[in-house]
Amino acid sequence: ELSSGINAEYGEIADAKLPYDTVQELRRDMGTVAPHLLRAGDREEANFFAQAAQLTQSGPTHTLGDSSLDAPINRLRDFYMTNTISRASQTMAKCVKACDDMV
């Protein structure tokens, strides 16, 4: 049986009593939502060929029409300043300023 503390704690967070009191009930519910969780230790093939074949048989799912595939920005200026550490660095700020002055 699940500890009443665990059930009460999660029930309090969810603001509702949980629908199970035993580990077996919990596993049963987990199995209905995500059956792969009950097959721990079993090796399963990651094979989506059947689904891919069905999709190709059903024809195109969308068309591009007149829309363009060009990106609005083809070159990211100062790409090295896209992370927070570089942006917070005084040294990087000086380097960027030096590069801007050269151009």
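In this text, all values refer to a predicted model and were calculated from it rather than measured experimentally. (Residues numbered from 1 in each chain as written. Predicted model: local features only at pLDDT ≥ 70, side-chain atom pairs only at ≥ 80, totals over all residues. Heavy atoms only, no water.)

1. Structural notes on the overall build of the protein
1) Next: When you go through the protein residue by residue, the secondary structure sums to five helices and zero strands.
2) Next: Listing every helix and strand of the protein by position from the N terminus yields α-α-α-α-α.
3) Next: Looking at the protein as a whole, 10% of its 103 residues qualify as buried.
4) Next: Total accessible area on the protein stands at roughly 9500 Å², and carbon and sulfur atoms take up 57% of it. (Helix = DSSP H or I, 4+ residues; strand = E, 2+ residues; numbered from the N terminus. Buried < 20%, exposed > 50% of the residue type's maximum accessible area, 1.4 Å probe, protein only. Areas by Shrake-Rupley, 256 points an atom, 1.4 Å probe, with all protein chains shown as cover.)

2. Points about helix α3 (residues 49-57)
1) Next: The element α3 is barely covered by neighbouring structure, given that only zero of its nine residues are classed as buried.
2) Next: Just downstream of α3 lies G59, where phi reads positive at about 90°.

3. Focus on the side chain of S86
1) Next: One can find S86 in helix α4 (residues 84-88).
2) Next: Looking at S86, the relative accessible area reads 13%, which means it is buried.
3) Next: Those residues in contact with S86 that lie beyond four places of it in its chain are Y80, M81 and M92. (Contact = heavy atoms within 4.5 Å.)

4. Digging into a nonpolar patch on the surface
1) Next: On the surface, M30, L37 and L38 cluster together to form a nonpolar patch covering roughly 260 Å² of accessible area.
2) Next: Mapped onto the secondary structure, L37 falls in the loop between α2 (23-33) and α3. (Patch = residues over 30% accessible without salt bridge, like charges linked within 9 Å, V, L, I, M, F, W, Y side chains within 5 Å. Salt bridge = Lys/Arg side-chain N within 4 Å of Asp/Glu carboxyl O.)

5. Here's the deal with the pattern of salt bridges
1) Next: Within the structure shown, the criterion is met by two salt bridges.
2) Next: Across the pair D29 and R28 runs a salt bridge whose closest N-O atoms are separated by 3.4 Å.
3) Next: A salt bridge links D101 to K97, with the shortest nitrogen-to-oxygen separation between them at 3.3 Å. Taken together, the positions of D101 and K97, both in helix α5 (residues 90-102) and four residues apart, correspond to about one turn of that helix. As far as the burial class goes, D101 and K97 line up, both exposed.

6. A few points about the state of the cysteines
1) Next: In total, this model carries zero disulfides according to the counting rule given.
2) Next: C95 takes part in no disulfide bond, and the closest cysteine sulfur to it belongs to C99, at a distance of 6.8 Å.
3) Next: A relative accessible area of 38% places C95 in the partly exposed class. (Disulfide = S-S within 2.5 Å.)

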